[in-house]
Amino acid sequence: MEQKLKEKFIESWGNMGSLWGLNNSMARVHALLIASEGAISLDHIAKTLNISRGNASMCLKELRNWGVVHRVRVAGDRRDYYEAPPDIWSMFFAIARERKRREMDPLLKSLKEMLRSRETEGGEVTERLKEMEKLLSTMDAIAEKLLADEETAKRVFESLAGAS
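This one's a predicted model, so the numbers in the text were calculated from it and none came from an experiment.

**Q** Just give me the short version of the overall build of the protein, but keep the residues and values in it.
**A** Across its full length, the protein holds 7 helices and 3 strands. Secondary structure of the protein in N-to-C order comes out as α-α-β-α-α-β-β-α-α-α. Computed over C-alpha atoms, the radius of gyration of the protein comes to 20 Å, more than 25% over the 15 Å expected from 2.2 N^0.38 for 164 residues, which places it beyond the range of a compact globule. Principal axes of the C-alpha set define a box for the protein whose edges measure 65 × 40 × 30 Å. Within the protein, buried positions represent 32% of all 164 residues. Considering only contacts within the protein whose residues lie at least 6 apart along the sequence, 54% involve residues at least 24 apart. For the protein, the exposed area adds up to about 10700 Å²; of that, 54% sits on carbon and sulfur atoms.

As structure tokens, this is what we get:
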């Protein structure tokens, strides 16, 4: 029964991964590592998820770039093994930092460039874009503060959720 629940978690995480900017395979590899005891090999990952070794390898490389997967060595074995870091909060912040860098920063930059090009124009569109820039700049400032200090951010989230 536990294996079925693990498979369901892997598929759910894979589906949710698209919301985080991950492709399905990458999110499924990540979920397998989160739900596994200890480090697992590339071959085991590919076989378990029924994906090619090449796909698994590319997913692992990208997950390592995101900082949510680590390569480890197992004594007496020349193969690479992989594991998810034990601190889920750090994993969350690594994903948030990467998403901000890939999505929020370019959007805010292009919006500011667009507004600079419309400096002499008024109208409804310009006002809407100014409001959007104000909102996104506020969100960016909050994100910068939260992502700069994980412990403070964790307390803020727990406080907002009413947790102790």
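**Q** With reference to specific residues and values, describe helix α7 (residues 150–161).
**A** Between its terminal C-alpha atoms α7 stretches 16 Å, which fits the 16 Å expected from 12 residues at 1.5 Å a residue. One or two steps after α7, the chain reaches G162, where phi turns positive at roughly 85 degrees.

**Q** Would you mind going over the sheet that holds strand β2 (residues 70–73) in detail, with residue names and values included?
**A** An order of β1-β3-β2 is seen for the 3 strands of this open sheet, with the pairing classed as antiparallel. In this open sheet, the two strands that pair with only one neighbour each are β1 (40–41) and β2. Where β1 meets strand β3 (residues 80–83), 2 bridges bridge the pair, whose relative direction is antiparallel. Bridge pairing links I40 to Y82 in β3.

**Q** Which residues make up the packing of helix α5 (residues 88–117) against α7, and what are the values?
**A** Packed helix pairs are specified by the crossing angle of their axes together with the interaxial distance, meaning the distance between the axes. Remark: α5 packs on α7, axes separated minimally by 11 Å, with the N-to-C direction vectors making an angle of 100 degrees. With respect to α7, the axis of α5 lies roughly perpendicular. Between α5 and α7, the residues in contact are W89, S90, F92, F93 and R97 and E150, A153, K154, F157 and E158, respectively. For the contact of α5 with α7, a count of residues per class yields 5 nonpolar, 1 polar and 4 charged.

Definitions and cut-offs
Residues numbered from 1 in each chain as written. Predicted model: local features only at pLDDT ≥ 70, side-chain atom pairs only at ≥ 80, totals over all residues. Heavy atoms only, no water. Helix = DSSP H or I, 4+ residues; strand = E, 2+ residues; numbered from the N terminus. Rg over C-alpha atoms; globule rule 2.2 N^0.38 Å. Buried < 20%, exposed > 50% of the residue type's maximum accessible area, 1.4 Å probe, protein only. Contact = heavy atoms within 4.5 Å. Areas by Shrake-Rupley, 256 points an atom, 1.4 Å probe, with all protein chains shown as cover. Expected span 1.5 Å × (residues − 1). Pairing = 2+ DSSP bridges. Axes fitted to C-alpha atoms, helices over the stretch in contact; angles between N-to-C directions. Parallel < 35°, antiparallel > 145°, perpendicular 65-115°, else oblique. Nonpolar A, V, L, I, M, F, W, Y, C, P; charged D, E, K, R; others polar.

Such coordinate-based values are descriptive only and should not be taken to indicate function.
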